[in-house]
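For reference, the chains in residue letters:
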Amino acid sequence: LIIRETFPEGAVIEQHAIVKVRINDVIFSFPAFSFFQNNSVILPDVIKHISEQILPDCHILVDAYCGAGFFGLSLAHRMDRVIGVEIADQSIAWAKKNAAANNLSDKATFLLGDAINVFSAVQNVDRERTVVIIDPPRSGCSQSFLDRLMGLDPIQIIYVSCNIFTQARDLSSITPHYTITYVQPFDFFPQTSHVENVVSLVRTSHLTKASEETS
(Lines give C-alpha, C1' and ligand atoms only; values in the text may rest on other atoms or scores of the structure.)
Protein backbone atom coordinates (compact mmCIF):
# COMPACT_ATOMS: atom_id res chain seq x y z
CA LEU A 1 0.00 0.00 0.00
CA ILE A 2 1.28 3.45 -0.94
CA ILE A 3 -0.12 6.65 0.56
CA ARG A 4 0.86 9.91 -1.09
CA GLU A 5 -0.27 13.42 -0.29
CA THR A 6 -1.49 15.15 -3.42
CA PHE A 7 -2.60 18.68 -4.29
CA PRO A 8 -5.41 19.64 -4.03
CA GLU A 9 -7.30 16.37 -3.43
CA GLY A 10 -5.60 15.29 -0.19
CA ALA A 11 -4.15 11.79 -0.68
CA VAL A 12 -3.95 8.87 -3.10
CA ILE A 13 -3.33 5.17 -2.44
CA GLU A 14 -3.05 3.88 -6.02
CA GLN A 15 0.61 3.46 -6.97
CA HIS A 16 0.03 4.47 -10.60
CA ALA A 17 -1.91 7.61 -9.70
CA ILE A 18 -0.35 10.94 -10.64
CA VAL A 19 0.52 12.94 -7.56
CA LYS A 20 0.71 16.73 -7.48
CA VAL A 21 2.69 18.53 -4.80
CA ARG A 22 2.98 22.29 -4.44
CA ILE A 23 6.27 23.51 -2.97
CA ASN A 24 6.27 27.29 -2.66
CA ASP A 25 5.21 28.51 -6.13
CA VAL A 26 6.20 25.37 -8.04
CA ILE A 27 3.83 22.46 -8.69
CA PHE A 28 5.39 19.04 -9.23
CA SER A 29 3.62 16.07 -10.79
CA PHE A 30 4.91 12.49 -10.69
CA PRO A 31 3.61 8.90 -10.38
CA ALA A 32 2.89 7.86 -6.81
CA PHE A 33 5.32 4.93 -6.92
CA SER A 34 8.28 7.01 -8.13
CA PHE A 35 10.84 8.76 -5.92
CA PHE A 36 10.12 12.23 -4.63
CA GLN A 37 11.28 13.90 -1.44
CA ASN A 38 8.91 12.89 1.33
CA ASN A 39 7.52 15.13 4.08
CA SER A 40 6.42 17.99 1.84
CA VAL A 41 5.68 20.16 4.88
CA ILE A 42 9.39 20.67 5.53
CA LEU A 43 10.49 21.05 1.91
CA PRO A 44 9.98 24.85 1.73
CA ASP A 45 12.38 25.19 4.68
CA VAL A 46 14.94 23.03 2.88
CA ILE A 47 14.71 25.14 -0.27
CA LYS A 48 14.93 28.36 1.76
CA HIS A 49 18.06 27.12 3.51
CA ILE A 50 19.77 26.02 0.29
CA SER A 51 18.84 29.27 -1.44
CA GLU A 52 20.41 31.22 1.42
CA GLN A 53 23.57 29.13 1.18
CA ILE A 54 24.09 29.54 -2.56
CA LEU A 55 26.73 32.15 -3.30
CA PRO A 56 25.39 35.40 -4.82
CA ASP A 57 27.44 34.98 -8.00
CA CYS A 58 26.20 31.44 -8.70
CA HIS A 59 23.75 31.53 -11.60
CA ILE A 60 24.22 28.04 -13.04
CA LEU A 61 22.79 25.07 -11.14
CA VAL A 62 23.80 21.50 -11.91
CA ASP A 63 21.31 19.09 -10.32
CA ALA A 64 22.77 15.59 -10.19
CA TYR A 65 20.35 12.79 -9.27
CA CYS A 66 17.59 15.27 -10.16
CA GLY A 67 14.54 12.97 -10.05
CA ALA A 68 11.42 14.88 -11.11
CA GLY A 69 13.31 18.17 -10.91
CA PHE A 70 12.65 19.18 -7.31
CA PHE A 71 15.84 21.09 -6.47
CA GLY A 72 16.50 22.49 -9.92
CA LEU A 73 13.00 23.83 -10.52
CA SER A 74 12.57 25.07 -6.95
CA LEU A 75 15.72 27.17 -7.28
CA ALA A 76 15.34 28.12 -10.96
CA HIS A 77 13.96 31.56 -10.09
CA ARG A 78 17.44 32.71 -9.06
CA MET A 79 19.37 30.92 -11.81
CA ASP A 80 20.17 31.71 -15.43
CA ARG A 81 20.47 28.03 -16.26
CA VAL A 82 19.55 24.69 -14.66
CA ILE A 83 20.93 21.35 -15.86
CA GLY A 84 19.60 18.14 -14.30
CA VAL A 85 20.44 14.49 -14.89
CA GLU A 86 18.63 11.37 -13.76
CA ILE A 87 19.02 7.67 -14.55
CA ALA A 88 15.27 6.84 -14.33
CA ASP A 89 13.63 7.59 -17.68
CA GLN A 90 10.18 8.12 -16.18
CA SER A 91 11.51 10.63 -13.65
CA ILE A 92 13.33 12.62 -16.34
CA ALA A 93 10.13 12.69 -18.42
CA TRP A 94 8.27 14.16 -15.45
CA ALA A 95 11.08 16.64 -14.78
CA LYS A 96 10.61 17.95 -18.32
CA LYS A 97 6.83 18.07 -17.87
CA ASN A 98 7.22 19.92 -14.58
CA ALA A 99 9.53 22.44 -16.20
CA ALA A 100 6.99 23.08 -18.94
CA ALA A 101 4.04 23.26 -16.53
CA ASN A 102 5.85 25.90 -14.47
CA ASN A 103 7.06 27.88 -17.50
CA LEU A 104 10.70 27.04 -16.79
CA SER A 105 11.62 25.11 -19.95
CA ASP A 106 13.56 28.11 -21.24
CA LYS A 107 16.15 27.80 -18.49
CA ALA A 108 15.90 24.16 -17.29
CA THR A 109 17.37 21.23 -19.26
CA PHE A 110 16.96 17.64 -18.05
CA LEU A 111 19.06 14.77 -19.39
CA LEU A 112 18.61 11.02 -19.12
CA GLY A 113 21.65 9.11 -17.88
CA ASP A 114 23.73 8.12 -14.90
CA ALA A 115 24.73 11.03 -12.66
CA ILE A 116 28.29 10.83 -13.96
CA ASN A 117 26.98 11.66 -17.45
CA VAL A 118 26.16 15.19 -16.32
CA PHE A 119 29.82 16.14 -16.62
CA SER A 120 29.87 15.75 -20.41
CA ALA A 121 26.96 18.21 -20.58
CA VAL A 122 28.50 20.84 -18.29
CA GLN A 123 32.18 20.72 -19.22
CA ASN A 124 32.00 24.21 -20.72
CA VAL A 125 30.06 25.95 -17.96
CA ASP A 126 31.63 28.82 -16.05
CA ARG A 127 32.83 27.06 -12.90
CA GLU A 128 33.03 30.39 -11.04
CA ARG A 129 29.27 30.76 -11.41
CA THR A 130 28.27 27.11 -10.92
CA VAL A 131 26.77 25.36 -7.90
CA VAL A 132 26.34 21.58 -8.02
CA ILE A 133 23.62 19.98 -5.90
CA ILE A 134 24.01 16.27 -5.29
CA ASP A 135 21.28 14.17 -3.68
CA PRO A 136 22.34 10.56 -4.22
CA PRO A 137 20.62 7.37 -3.01
CA ARG A 138 21.49 5.98 0.42
CA SER A 139 24.54 4.24 -1.05
CA GLY A 140 26.09 7.63 -1.80
CA CYS A 141 28.21 8.64 -4.78
CA SER A 142 30.58 6.43 -6.72
CA GLN A 143 34.27 7.31 -6.56
CA SER A 144 34.26 7.91 -10.31
CA PHE A 145 31.48 10.48 -9.85
CA LEU A 146 33.42 12.23 -7.09
CA ASP A 147 36.58 12.27 -9.20
CA ARG A 148 34.70 13.87 -12.09
CA LEU A 149 33.11 16.36 -9.71
CA MET A 150 36.53 17.42 -8.48
CA GLY A 151 37.61 17.73 -12.11
CA LEU A 152 34.68 20.04 -12.85
CA ASP A 153 35.80 22.19 -9.90
CA PRO A 154 32.58 24.22 -9.37
CA ILE A 155 32.86 27.09 -6.96
CA GLN A 156 30.19 25.52 -4.69
CA ILE A 157 28.77 22.09 -3.87
CA ILE A 158 25.68 21.34 -1.82
CA TYR A 159 25.40 17.71 -0.72
CA VAL A 160 21.96 16.51 0.41
CA SER A 161 21.78 13.03 1.94
CA CYS A 162 19.47 10.71 3.83
CA ASN A 163 22.47 8.66 5.00
CA ILE A 164 25.01 10.62 7.02
CA PHE A 165 27.44 7.69 6.98
CA THR A 166 27.87 7.51 3.21
CA GLN A 167 27.73 11.30 3.09
CA ALA A 168 30.67 11.50 5.52
CA ARG A 169 32.56 8.95 3.44
CA ASP A 170 32.01 10.96 0.25
CA LEU A 171 32.94 14.23 1.92
CA SER A 172 36.38 12.81 2.63
CA SER A 173 36.96 12.94 -1.15
CA ILE A 174 35.61 16.48 -1.43
CA THR A 175 37.07 18.32 1.58
CA PRO A 176 40.71 18.24 0.45
CA HIS A 177 39.64 20.89 -2.09
CA TYR A 178 36.49 22.34 -0.49
CA THR A 179 35.64 23.84 2.88
CA ILE A 180 32.43 22.98 4.69
CA THR A 181 30.64 26.27 5.35
CA TYR A 182 27.38 25.00 6.87
CA VAL A 183 25.80 21.76 8.05
CA GLN A 184 22.03 21.67 8.52
CA PRO A 185 20.05 18.52 9.34
CA PHE A 186 16.30 18.38 8.68
CA ASP A 187 13.87 16.07 10.48
CA PHE A 188 12.33 14.42 7.41
CA PHE A 189 11.58 11.26 9.37
CA PRO A 190 9.95 12.22 12.70
CA GLN A 191 10.23 9.77 15.60
CA THR A 192 13.09 7.89 13.92
CA SER A 193 16.86 8.18 14.19
CA HIS A 194 17.15 9.30 10.56
CA VAL A 195 17.64 12.83 9.23
CA GLU A 196 18.13 14.51 5.87
CA ASN A 197 21.45 16.31 6.09
CA VAL A 198 22.46 19.29 3.96
CA VAL A 199 26.16 20.14 3.77
CA SER A 200 27.26 23.31 1.98
CA LEU A 201 30.83 23.52 0.66
CA VAL A 202 32.80 26.24 -1.11
CA ARG A 203 36.05 25.81 -3.01
CA THR A 204 38.80 26.48 -0.48
CA SER A 205 40.90 28.54 -2.88
CA HIS A 206 37.95 30.89 -3.38
CA LEU A 207 37.54 31.41 0.36
CA THR A 208 41.27 32.00 0.75
CA LYS A 209 41.28 34.58 -2.03
CA ALA A 210 38.23 36.34 -0.59
CA SER A 211 39.88 36.45 2.85
CA GLU A 212 43.07 37.94 1.43
CA GLU A 213 41.13 40.61 -0.47
CA THR A 214 39.30 41.73 2.67
CA SER A 215 42.31 41.68 5.01
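Scroll up for the structure.
Residues numbered from 1 in each chain as written. Predicted model: local features only at pLDDT ≥ 70, side-chain atom pairs only at ≥ 80, totals over all residues. Heavy atoms only, no water.

**Observations concerning the environment of Ser51**
- By the element assignment, Ser51 lies in helix H1 (residues 43–53).
- The class for Ser51 is buried, based on a relative accessible area of 19%.
- Residues Ser51 and Ser74, spaced 23 residues apart in sequence, show a C-alpha to C-alpha distance of 9.3 Å.
- Dropping the residues within four chain positions of it, Ser51 is found in contact with Leu75 and Arg78. (Helix = DSSP H or I, 4+ residues; strand = E, 2+ residues; numbered from the N terminus. Buried < 20%, exposed > 50% of the residue type's maximum accessible area, 1.4 Å probe, protein only. Contact = heavy atoms within 4.5 Å.)

**Side note on helix H5 (residues 143–152)**
- Every buried residue belonging to H5 is among Phe145, Leu146, Leu149, Met150 and Leu152, and all of these are buried. Viewed along the axis of H5, the buried residues span an arc of 155 degrees, placing them on a single side of the element.
- Elements that come into contact with the buried residues of H5 comprise strand S5 (60–64), helix H4 (118–121), strand S8 (130–134), strand S9 (156–161), helix H6 (164–174) and strand S10 (178–186).
- Following H5 by one or two positions, Asp153 adopts a phi angle in the positive range, close to 60 degrees. (Arc of directions from axis to C-beta.)

**Things to note about the side chain of Asn98**
- Inspection of the secondary structure puts Asn98 in helix H3 (residues 89–101).
- Within the structure, Asn98 has its side chain in polar contact with the backbone oxygen of Ala68 (distance 3.1 Å).
- Contacts of Asn98, omitting those with residues within four sequence positions, involve Ile27, Phe28, Ser29, Ala68 and Leu73. (Polar contact = N/O pair within 3.5 Å; in protein donor to acceptor, adjacent residues only side chain to side chain.)

**Here we look at the packing of aromatic side chains**
- As enumerated under the stated definition, the model contains four aromatic pairs in all.
- Considering the side-chain rings of Phe119 and Phe145, the 5.3 Å spacing of their centres and the 55 degrees angle between planes classify their relative orientation as tilted. Highlighted residues: Phe119 in helix H4 and Phe145 in helix H5, separated in sequence by 26 residues. The pair formed by Phe119 and Phe145 is uniform in burial state, with each residue classed as buried.
- Ring pairs connect the aromatic residues Phe28, Phe70 and Phe71, which therefore count as one cluster.
- Taking the ring centre of Trp94 as reference, the NZ or CZ of Lys97 above it sits at 4.1 Å. (Phe/Tyr/Trp six-rings, centres within 6.5 Å; stacked < 30°, edge-to-face > 60°. Lys NZ or Arg CZ within 6 Å of the ring centre and 35° of its normal.)

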